[in-house]
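# Inside the fold
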Amino acid sequence: MSFYSTPNYSEHLHQWLKRGRNWHIEYEEYLSNHITHNWIVLDAAGASLDKMQWWQEVYTYDTTNKTAASTVRQSKKLEAPHSNPINYTEITDANWLNNLQSIRIAFPLYRDFFDKKITELGLSACLKRYYPALSEGMAGAALHPVIHLGWAVDVESTDMASEGLAYMATAFQPLATGSIHTEHQLWSPNAPRPIELLEQILNDDRIAQLTEKADWLSKTEDYKRLNRGRFQQRLITFDNPKEPLSLFLNEMVTLKLPDIGQDLTSLIEELTVIAASALQGSDNEFFILHGLTSLHAVLCVLPHLDEIAQRNALGYWFRALVATSITQGCPGMTDTVTLLKRWLTDKEDNQSSGYLLNDEQKTWWLQTLQSTTDSLNEHVPKAVYVLRRWAEWQAFSKSTHNVYVETALNIVKPNISSKLEDNLWVRR
C-alpha cells in the first residue's frame with residue numbers, strides 16, 4: 001500500500017528533531033511535548049534556521065506569565081529528560097507487553113528498548129512487529145503518542161519514532177476492547193458507512209447521558225487520582241466495563257472497511273473528510289483537532305503494516321474519535337453532519353478521483369501554511385499542514401479538496417482580538 005509522497009524536507013530537519021530528546025515527552029505532569037511536531041511543519045513551510053530557533057525559544061519557555069510592562073519569558077515550560085524514580089525492571093521482548101500503561105515511569109526504558117529494536121530490525125520492520133499491539137491503546141494521552149510516532153515515521157526520524165513507540169506503550173489506553181469487555185467488532189465490510197454511522201450515533205437518545213456520565217465519573221476520587229487531566233480522565237471512563245459508556249461503544253461503533261485484499265483508498269478518503277468536517281463543524285474544538293492530526297499519523301504508519309493491522313489501526317482511531325466527540329459533548333456535530341451530507345451530494349455529482357492540484361492551488365496551500373508559522377499555538381499550523389498533505393495526495397476528488405480548503409480557511413481566521421500573541425483561532 002502506497003500513500004502520498006512526503007514533502008522535500010531540508011537537510012537540517014533531522015538535527016532539529018534530534019534536539020527533541022533534550023526534553024521529556026511530557027511536562028507539568030501530563031501535558032504532551034509538541035516541539036518536534038511544529039519543527040516538521042515549519043520546515044515543510046520553508047522556514048529559515050532563525051525561525052526554527054525562534055520556535056524552540058517560544059516553546060521551551062512559558063510566555064503566558066507576563067506583566068503589562070514586560071514580555072520577558074518567566075520560566076521554562078518543558079522539562080529535562082526524566083530518570084526512573086525507582087529501580088524499574090528492564091524492558092525486553094519477554095515482558096514489553098506486560099508493562100504497558102505503566103503510568104509513564106517506564107518511558108525511558110521503553111525508549112531505550114525501541115532504540116535498540118529500530119537499530120536491530122529497521123524502522124519499518126519494528127513498526128510491523130510492535131505497532132499492532134500498541135494501536136489498541138492509541139487514545140492514551142489525548143492521541144499525542146500516536147501523533148508523535150506517525151509524524152516521526154513520515155519524516156523517517158528514528159529519534160522521534162522510538163519516543164513515539166515508548167509513549168504509546170506507557171500512555172496505553174484502550175477503549176472497551178480488552179478481554180474483560182463484551183464482544184466487539186472493530187470493523188466490518190457490512191457496517192454502515194462511517195458518515196451514516198456518525199449520524200446514527202448523534203441521534204441516539206443516550207448520547208447526552210453518556211457525556212454527563214463520563215464527566216461525573218471523571219470527578220470521582222478513583223479517576224482524580226489518575227491525575228491525567230480532565231479530558232483524559234473523562235475518556236478513560238469509556239474503558240470501564242461496569243459503565244454504559246463501554247457498552248455503547250461495543251454496541252454501536254464498528255467501522256465499515258473493505259475486506260482483506262480490497263483497496264482502502266475510498267474509505268480513507270471518507271475518514272479524512274470526517275476529520276476535517278468535524279474540525280470545521282465544531283469551529284476548531286481543541287480535542288476534535290487532535291482527531292485530524294492523529295489520523296494523519298495513523299495513515300503514515302499504515303504502509304508498514306499487514307492488511308489486518310491496517311484495518312485494526314483505523315478501527316481503533318475511529319473509536320477514539322467517537323469517544324472524544326461524546327466526551328466533549330458532540331461539539332458542533334449537527335453542523336458536521338450537514339457538511340458531510342453536502343460532501344456526499346457533491347461526490348455523487350462528481351465521481352472522478354485523482355484530483356490534481358494546479359500550480360496556483362499548490363502556491364495557495366504553501367502560502368496558507370506559511371501564514372500560520374508565527375502562531376504561538378502549534379495546533380494551528382499542524383492542522384493546516386495535515387490538510388495540505390491530504391490535498392496533495394492526488395487520490396481523492398475535487399469535492400474532498402474543497403472540504404480541506406474550507407477547513408483550512410476556518411482555522412486560519414484570526415481570533416476576536418486579532419492579536420497574534422493570543423494565538424490564531426482555536427476554541428478550547
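Cut-off values and rules
Residues numbered from 1 in each chain as written. Predicted model: local features only at pLDDT ≥ 70, side-chain atom pairs only at ≥ 80, totals over all residues. Heavy atoms only, no water. Phe/Tyr/Trp six-rings, centres within 6.5 Å; stacked < 30°, edge-to-face > 60°. Helix = DSSP H or I, 4+ residues; strand = E, 2+ residues; numbered from the N terminus. Buried < 20%, exposed > 50% of the residue type's maximum accessible area, 1.4 Å probe, protein only. Contact = heavy atoms within 4.5 Å. Axes fitted to C-alpha atoms, helices over the stretch in contact; angles between N-to-C directions. Parallel < 35°, antiparallel > 145°, perpendicular 65-115°, else oblique. Left-handed = near helix turned anticlockwise from the far one by under 90°. Nonpolar A, V, L, I, M, F, W, Y, C, P; charged D, E, K, R; others polar. Core = buried A, V, L, I, M, F, W, Y, C linked by side-chain atoms within 4.5 Å. Polar contact = N/O pair within 3.5 Å; in protein donor to acceptor, adjacent residues only side chain to side chain. pLDDT = per-residue confidence, 0-100. Lys, Arg positive; Asp, Glu negative; His and termini not counted. Salt bridge = Lys/Arg side-chain N within 4 Å of Asp/Glu carboxyl O. Expected span 1.5 Å × (residues − 1). Arc of directions from axis to C-beta.

### Description of the packing of aromatic side chains
For the structure on display, the rule yields 16 aromatic pairs. Note on Trp-96 and Phe-114: the rings are 6.3 Å apart at their centroids and 80° apart in plane angle, and the pair reads as edge-to-face. Of the two residues, Trp-96 sits in the loop between β4 (75–76) and α4 (107–121) while Phe-114 sits in helix α4, which places them 18 residues apart along the sequence. Each of the two residues, Trp-96 as well as Phe-114, counts as buried. Residues Phe-113 and Phe-114 carry aromatic rings whose centres are separated by 5.0 Å and whose planes lie at 65° to one another, so their mutual orientation is edge-to-face. What makes Phe-114 buried here is its relative accessible area of 0%. Members of the aromatic cluster, connected to one another through ring pairs, are Trp-96, Tyr-110, Phe-113, Phe-114 and Tyr-130.

### Structural notes on the environment of Thr-170
Locating Thr-170 in the fold gives a position in helix α7 (residues 158–170). For Thr-170, a relative accessible area of 1% translates into the label buried. Placed 45 residues apart in sequence, Thr-170 and Asp-215 show a C-alpha to C-alpha distance of 24 Å. In this structure, Thr-170 is in contact with Gln-101, Ser-102, Ile-103, Arg-104, Ala-106, Phe-107 and Tyr-110, ignoring residues within four places of it in sequence.

### Focus on the packing of helix α2 (residues 35–44) against helix α18 (residues 379–391)
Between α2 and α18, the least distance of the axes is 10 Å, while the angle of their chain directions is 55°. When the interaxial angle is binned, α2 and α18 end up oblique. Along this stretch, α2 crosses α18, giving a crossing that reads as left-handed. Counted together, His-37, Asn-38, Ile-40, Val-41 and Ala-44 of α2 and Pro-381, Lys-382, Tyr-385 and Arg-388 of α18 form the full contact between these two elements. Classifying every residue of the contact of α2 with α18 gives five nonpolar, two polar and two charged.

### Topic: the nonpolar core
One finds Phe-114, Tyr-131, Leu-314 and Phe-318 to be the most contacted residues of the largest nonpolar core, which totals 135 residues. Ranked by the residues each element gives to this core, the list is headed by helix α15 (residues 307–327), at eleven residues. Those residues within four positions of Leu-314 in sequence are excluded, and the remaining contacts are Leu-255, Leu-257, Leu-264, Ile-268, Leu-271, Leu-295, Val-298, Leu-299 and Leu-302.

### Description of the side chain of Ser-277
Among the secondary structure elements, Ser-277 is positioned in helix α13 (residues 265–281). When its relative accessible area of 1% is taken as the criterion, Ser-277 is described as buried.

### With respect to the environment of Thr-60
With respect to the secondary-structure elements, Thr-60 resides in helix α3 (residues 49–60). Expressed as a C-alpha distance, the spacing of Thr-60 and Leu-78, which sit 18 residues apart in the sequence, is 5.3 Å. From its side chain, Thr-60 meets the backbone oxygen of Gln-56 in a polar contact 2.6 Å long.

### Examining the confidence of the model for the chain
Mean pLDDT over the chain: 90, with 91% of residues reaching 70 or higher. Ranking the helices and strands of the chain by mean pLDDT puts helix α5 (residues 123–135) first, with 98, and β4 last, with 48. Here residues 65–75 scores under 50 on pLDDT; set against residues more than four positions off or in separate chains, the count is eleven contacts.

### Re the side chain of Arg-228
Along the chain, Arg-228 falls in the loop between α10 (221–224) and α11 (230–236). One buried charged residue, Arg-228, forms no salt bridge at all, with the nearest opposite charge on Glu-26 at 4.1 Å. For Arg-228, the contacting residues outside a window of four places in its chain are Glu-26, Glu-29, Tyr-30, Arg-104, Gln-233 and Ile-236.

### Comments concerning helix α16 (residues 333–349)
Relative to the 24 Å expected for 17 residues at 1.5 Å per residue, α16 spans 24 Å between its end C-alpha atoms, a close match to the ideal helical length. Listed in full, the buried residues belonging to α16 are Met-333, Thr-336, Val-337, Leu-339, Leu-340, Trp-343, Leu-344 and Lys-347. Seen from one end, α16 has its buried residues packed into an arc of 160°, which puts them on one side. The outward face of α16, more than 90 degrees from its buried face, is lined by the exposed residues Thr-334 and Asp-349.

### Some details on helix α17 (residues 359–370)
The terminal C-alpha atoms of α17 lie 16 Å apart, and with twelve residues this matches the ideal 16 Å at 1.5 Å per residue to within 8%. Within the sequence span of α17, burial applies to Gln-361, Trp-365, Thr-368 and Leu-369. Taken down its axis, α17 places every buried residue within 100° of arc, on the same side. Opposite the buried face of α17, at more than 90 degrees from it, the exposed residues are Asp-359 and Glu-360. Against the buried residues of α17 lie α2, α18 and α19 (398–412). By the N-cap criterion, in which a side-chain oxygen at the helix start approaches the backbone nitrogen of a residue two or three places on, α17 is capped by Asn-358, the distance to Glu-360 being 3.1 Å.

### Let's talk about the pattern of salt bridges
Evaluated as defined, the whole model comprises 23 salt bridges. Glu-90 serves as the salt-bridge partner of Lys-116, at 4.0 Å between the closest nitrogen and oxygen. Of this pair, Lys-116 sits in helix α4 while Glu-90 sits in the loop between β4 and α4, and the two are 26 residues apart along the sequence. Exposure remark for Lys-116: the relative accessible area of 53% places this residue in the exposed category. Notably, a salt bridge pairs Lys-224 with Glu-221, separated by 3.3 Å at the nearest N-O pair. Placement of the pair is Lys-224 and Glu-221 together in helix α10, with a separation of three residues, close to one helical turn. Judged by relative accessible area, Glu-221 falls into the partly exposed class, the value being 43%. Each of Asp-93, Lys-117, Glu-120 and Arg-129 takes part in salt bridges that share partners, so that together they form one network.

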